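Fold and geometry: a report
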Amino acid sequence: MVKLNKIYTRTGDDGTTGLVAGERRPKYDLRIETYGTIDETNAVIGMARLHTVTMPDLDAMLMRIQNDCFDLGADLATPDTGEKLDYEPLRIVDAQVDRIEADIDLLNADLEPLQSFVLPAGTPASAHLHLARTVSRRAERLMVELAARDNETVNPAAIRYANRLSDFFFVAARWVNDKGRTDVLWVPGKNR
């Protein structure tokens, strides 16, 4: 369990931050940007949850995802360098990917097939879930970029999980729009 007694440490005053194993990196480092964007995703989920309290099943899914986002951040903050650690690093596992896929399937079963692209609109919950979708998609792009770099590693299950996140948010955004019935659809060329 994490125990934080003091919030400010002054160790980042030099423009660096520490990874879990102690390595210091610049705060603009791609790995830091990547798990920071996962944290941003988590904050947006918190905003969406302000509008899902009357939907207990969906709210419980979102709460699980928020917890998973902390796991994902910890995974990213502990790169696998091949060195033996004194502890077992927290990693995203396939069971978490399977769980979010099951949640997607459960919500998607209630939706009619799409006839057009959906605009990020509708209910406040839907708009916030669409925002979570776009932020999580950015996090995924950063993770893939990080994984492509020499001397960097990213857990493949973490990349799969990040890919499913945006899918989940898209389906959930439609689901809260009266199961897609009040989706706002894109009309190509409508304002020409």
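The following paragraphs examine the structure supplied in this document. All values derive from a computational prediction rather than experimental measurement.

When helices and strands are tallied, the protein chain shows five helices and two strands. Helices (α) and strands (β) of the protein chain occur, in sequence order from the N terminus, as β-β-α-α-α-α-α. Seen along its three principal axes, the alpha-carbon backbone of the protein chain occupies a region of about 50 × 40 × 30 Å. For the protein chain, buried positions account for 42% of its 192 residues. Partitioning the intrachain contacts of the protein chain with sequence separation of at least 6 by distance along the chain shows that 71% fall at a separation of at least 24. Surface exposure of the protein chain reaches about 11400 Å², of which carbon and sulfur atoms provide 55%. Looking at the protein chain, you have 24 positive and 30 negative side-chain charges, and the mean spots of the two groups are 5 Å apart.

Once that is clear, we can look at the pattern of salt bridges. One pass over the structure, following the stated rule, counts 13 salt bridges. Residue Asp183 pairs with Arg174 through a salt bridge whose shortest N-O separation is 2.6 Å. Counted as one network, the salt bridges with shared partners bring together Arg64, Arg99 and Asp103.

Across its 20 residues, helix H1 (residues 30-49) extends 29 Å between first and last C-alpha, which sits within 8% of the 28 Å expected from 1.5 Å per residue. Among the residues of H1, the N-terminal cap falls to Asp29, whose side-chain oxygen and the backbone nitrogen of Arg31 are separated by 2.9 Å.

Turning next to the nonpolar core. Counting 43 residues, the largest nonpolar core has Leu58, Ile65, Phe168 and Phe169 as its most contacted members. Counting only elements with at least two residues in this core, the list comes to H1, helix H2 (56-76), helix H3 (94-108), helix H4 (124-148) and helix H5 (156-176). Considering each element in turn, this core owes the most residues, twelve residues, to H5. Excluding its chain neighbours within four sequence positions, the residues that come into contact with Leu58 are Thr52, Leu107, Phe168, Ala172, Trp175 and Val176.

Look at H4: 37 Å from first C-alpha to last across 25 residues, which is about the 36 Å you get at 1.5 Å a residue. Among all positions of H4, only Ala125, Ser126, Leu129, His130, Ala132, Val135, Ser136, Ala139, Glu140, Leu142, Met143 and Leu146 are buried. Among the structural elements, H1, H2 and H5 are those in contact with the buried residues of H4.

Let us now look at the packing of H1 against H4. Between H1 and H4, whose axes approach to 9 Å, the crossing angle comes to 165°. The pairing of H1 with H4 is recorded here as roughly antiparallel in orientation. Read as a crossing pair, H1 and H4 show a hand that is left-handed. Contacts between H1 and H4 involve Leu30, Arg31, Glu33, Thr34, Thr37, Ile38, Glu40, Thr41, Val44, Ile45, Met47 and Ala48 on the former and, on the latter, His128, Leu129, Leu131, Ala132, Val135, Ser136, Arg138, Ala139, Leu142, Met143, Glu145 and Leu146.

Reading guide: rules and limits
Residues numbered from 1 in each chain as written. Predicted model: local features only at pLDDT ≥ 70, side-chain atom pairs only at ≥ 80, totals over all residues. Heavy atoms only, no water. Helix = DSSP H or I, 4+ residues; strand = E, 2+ residues; numbered from the N terminus. Buried < 20%, exposed > 50% of the residue type's maximum accessible area, 1.4 Å probe, protein only. Contact = heavy atoms within 4.5 Å. Areas by Shrake-Rupley, 256 points an atom, 1.4 Å probe, with all protein chains shown as cover. Lys, Arg positive; Asp, Glu negative; His and termini not counted. Charge placed at Lys NZ, Arg CZ, Asp CG, Glu CD. Salt bridge = Lys/Arg side-chain N within 4 Å of Asp/Glu carboxyl O. Expected span 1.5 Å × (residues − 1). Polar contact = N/O pair within 3.5 Å; in protein donor to acceptor, adjacent residues only side chain to side chain. Core = buried A, V, L, I, M, F, W, Y, C linked by side-chain atoms within 4.5 Å. Axes fitted to C-alpha atoms, helices over the stretch in contact; angles between N-to-C directions. Parallel < 35°, antiparallel > 145°, perpendicular 65-115°, else oblique. Left-handed = near helix turned anticlockwise from the far one by under 90°.

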